Amino acid sequence: MIKMKNLVLILTLMMSGTVLGQTEPIKLVFDVTSDDPDVHRMAAKHLQLMAEAYPQSQFEMVIYSGAYQMVDKKASVAGEMLSAAVNRKNVDVVICEQTMKRHKMTMGDLIPGVGSVPDGIYEIVMRQKDGWGYIKEAK
């Protein structure tokens, strides 16, 4: 399940946007490392809902470690939602290249539209350094 802090943040952001209207775009990075298919479904749904609710905001999902199957076009339980999300202008979904090497994956194994970054943790740290908010998707 989603951590309570994350749920409160997401609900607060969604409610404030509904009640007050979005006054300022946000930038939010989602961190996914779990190998749990339920976490994959939940994370993809959160990304999709946020991107739809806040079209002027930017969202990036960084996948690494055990979450690699989330973007594997043959194994993903969240593939349909991620495919829709990566086609949005305000969404990037990326996987760590180190994780890809460990699991012998190529770009051809990924859901179309999913990109890669040299190091997932470094990507998240740099986003936070640039002022991006952070959501850890976990059970």
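Before reading further, recall that the structure is shown in the block above.
Worth saying up front: this structure is predicted, and the values here are computed from it rather than measured.

1. Overview of the environment of Asp130
Here's step 1: By the secondary structure assignment, Asp130 is in the loop between α5 (120-129) and β5 (133-137).
Here's step 2: According to the relative accessible area criterion, Asp130 is exposed, its value standing at 51%.
Here's step 3: When the C-alpha positions of Asp130 and Lys27 are compared, they lie 9.3 Å apart, and in sequence the two are 103 residues distant.

2. A word on the sheet that holds strand β4 (residues 115-117)
Here's step 1: An order of β4-β3-β2-β1-β5 is seen for the five strands of this open sheet, with the pairing classed as parallel. Sheet topology places β4 and β5 at the edges, where each strand pairs with a single neighbour. Looking at each pair of strands side by side, their axes are set apart by 30° on average, direction ignored.
Here's step 2: Bridge count for strand β1 (residues 27-32) against strand β2 (residues 58-63) is six bridges, and the pairing is parallel. Its bridge partner lying in β2, Asp31 is registered against Val62.
Here's step 3: Packing of helix α2 (residues 37-53) onto the sheet brings it into contact with β1, β2, β3 (91-96) and β5, and relative to β1 it is tilted by some 170°.

3. Looking at the packing of aromatic side chains
Here's step 1: For the coordinates displayed, the defined rule picks out zero aromatic pairs.
Here's step 2: Here Arg127 stacks its cationic end above the ring of Trp132, 4.5 Å away from the centre of that ring.

4. What to know about the side chain of Glu60
Here's step 1: Inspection of the secondary structure puts Glu60 in strand β2.
Here's step 2: For Glu60, a relative accessible area of 2% corresponds to the buried category.
Here's step 3: Within polar-contact distance, the side chain of Glu60 engages the side chain of Arg127 at 2.6 Å.

5. A few points about unusual backbone geometry
Note: most peptide bonds trans; most residues except glycine with negative phi.
Here's step 1: Residue Ser65 is not a glycine yet carries a positive backbone phi of 60°.
Here's step 2: For Ser65, a relative accessible area of 35% translates into the label partly exposed.
Here's step 3: For Lys104, which is not glycine, the phi torsion reads 50° and is therefore positive.
Here's step 4: As for its position among the elements, Lys104 is in the loop between α4 (97-102) and β4.

6. Considering the pairing of β1
Here's step 1: Burial runs high along β1: five of the six residues are buried.
Here's step 2: Crossover β1 to β2 through α2 is right-handed.

Conventions we followed
Residues numbered from 1 in each chain as written. Predicted model: local features only at pLDDT ≥ 70, side-chain atom pairs only at ≥ 80, totals over all residues. Heavy atoms only, no water. Helix = DSSP H or I, 4+ residues; strand = E, 2+ residues; numbered from the N terminus. Buried < 20%, exposed > 50% of the residue type's maximum accessible area, 1.4 Å probe, protein only. Pairing = 2+ DSSP bridges. Axes fitted to C-alpha atoms, helices over the stretch in contact; angles between N-to-C directions. Contact = heavy atoms within 4.5 Å. Phe/Tyr/Trp six-rings, centres within 6.5 Å; stacked < 30°, edge-to-face > 60°. Lys NZ or Arg CZ within 6 Å of the ring centre and 35° of its normal. Polar contact = N/O pair within 3.5 Å; in protein donor to acceptor, adjacent residues only side chain to side chain. Right-handed = clockwise from strand over helix to strand, strands pointing away.

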